[in-house]
Amino acid sequence: MRGVLPLLTVIVLAAGCTASGAAEQPPPGMADRGTAVTTAKPTRQDLTNKVSLGGKVALGPTFGLVAPVDGEVRYLDVKASTSTPTKPTKVANIWAGGKATAIEVPAGAVFAGRLVDDHSKVTAGMPIVSARQVGYGIVADIDGAQAYQVSDTLQSVTAQIKSGPGPFPCTVLGTLAALPAGTIPEPKAPVVNPSATAPAVAPTQVAQQPSEATGMRLVCAGPADVKLINGAAATVEIITAKAAGALVLPVEAVAGSQGKGQVEVVKADQSREVREVQLGITDGKVIEIKSGLTGEETVAVPGPNIPSVKGGGAGPGENNGPVVVSS
């Protein structure tokens, strides 16, 4: 019995040492902390920034017209149309430096309301007039995530009616911004001539219905020979920008926003350097690098983490992800 106890003690101690030693060894196949496991190199390719929107056919859709310059808006009294206008309708002037710039509702549409007060100071790009398309149009809503992917400088817009005609070019009407409710002033009372033998009779006027508020959306009109049905579902594809031979990286390799970003360059000795880059357009898979890289670098995937800033930004250990910016 005396010989058994020392033997058991030796076995237990040996087992304890073996377990402790095994715990101290790194798991097989794991790289040292800080080692770049996944990398990518910039490449060059033609790039097109496309955005697809869901929409529908609508009868008499409302769209907005913006101020082309900074200045003071002065509205004109606009009579209600009794038929589809075949030429533009002048509805306001923007006065700046003693010069007036006319605001006209395009042919095929009618005036639907004032969006700011008369004699207001306005800035270029601000919606100031609403108009209503006579006939069919296609309306596609734009959510907040798409707001900065889509701009007023659209290269082309194509529409496809679900189980119907298309694809066909669709002409954008007005601005993409959300619109407040329009207002239409009451018509002025006729001036009565005291010396007249008969009372003045006011001409009959057609009642004008002001436009309602809208969310941010795109309104476009298809060719006249395309048959549209009110309420039919549609898909609208927008090309906002193109770049030939662009230097690109996978979107996962880039962090940043509003055209500015960062990548993490992996050097030959496996050390890393965070590099500032200027971002361009993206197709959702790769993103254009306008400046900051030569194209010979190797970058880490995923991209660097950007510390949080007061009021927003990515938090520690988080990546802002790719940015989509139309050039």
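### Looking at the pairing of strand E9 (residues 127-133)
A large share of E9 lies buried, amounting to six of its seven residues. As defined by bridge partners, strand E3 (residues 62-66) adjoins E9 across five bridges and the pair is classed as antiparallel. Following the sheet pairing, leucine 65 is matched in E9 by valine 129. Bridging between strand E7 (residues 109-114) and E9 involves five bridges; their strand directions are antiparallel. Across the sheet, the residue bridging to glycine 113 is serine 130, located in E9.

### Remarks on the sheet that holds strand E4 (residues 71-75)
Paired through their backbone hydrogen bonds, the strands of a sheet run either parallel or antiparallel. The strand order E6-E5-E4-E8 describes an open sheet built from four strands, whose pairing is antiparallel. Strands with a single pairing partner mark the edges of an open sheet, and in this sheet they are strand E6 (99-105) and strand E8 (121-122). As paired strands, E4 and strand E5 (residues 89-96) are joined by four bridges and run antiparallel to one another. From the neighbouring strand, glutamate 72 faces E5, where its bridge partner is tryptophan 95.

### Topic: the pattern of salt bridges
Should the charged atoms of two oppositely charged side chains come close, the side chains can pair. Taken as a whole and judged by the stated rule, the model has seven salt bridges. When the shortest N-O distance is used, the salt bridge between lysine 267 and glutamate 273 registers 3.9 Å. Notably, a salt bridge pairs arginine 275 with glutamate 297, separated by 3.6 Å at the nearest N-O pair. In this pair, arginine 275 sits in strand E18 (residues 272-282) while glutamate 297 sits in the loop between strand E19 (286-291) and strand E20 (299-300), placing the two residues 22 residues apart along the sequence. Residue classification places glutamate 297 among the buried residues on the basis of a relative accessible area of 10%. Connected via shared salt-bridge partners are Lys267, Glu273, Arg275 and Glu297.

### Overview of the sheet that holds E9
Read across the open sheet, the three strands follow the order E3-E9-E7; overall the sheet is antiparallel. In the strand order of this sheet, the two ends are held by E3 and E7, each with one partner. Put simply, the sheet's adjacent strands are angled 35° from each other on average, direction ignored.

The rules behind the values
- Residues numbered from 1 in each chain as written.
- Predicted model: local features only at pLDDT ≥ 70, side-chain atom pairs only at ≥ 80, totals over all residues.
- Heavy atoms only, no water.
- Buried < 20%, exposed > 50% of the residue type's maximum accessible area, 1.4 Å probe, protein only.
- Helix = DSSP H or I, 4+ residues; strand = E, 2+ residues; numbered from the N terminus.
- Pairing = 2+ DSSP bridges.
- Salt bridge = Lys/Arg side-chain N within 4 Å of Asp/Glu carboxyl O.
- Axes fitted to C-alpha atoms, helices over the stretch in contact; angles between N-to-C directions.

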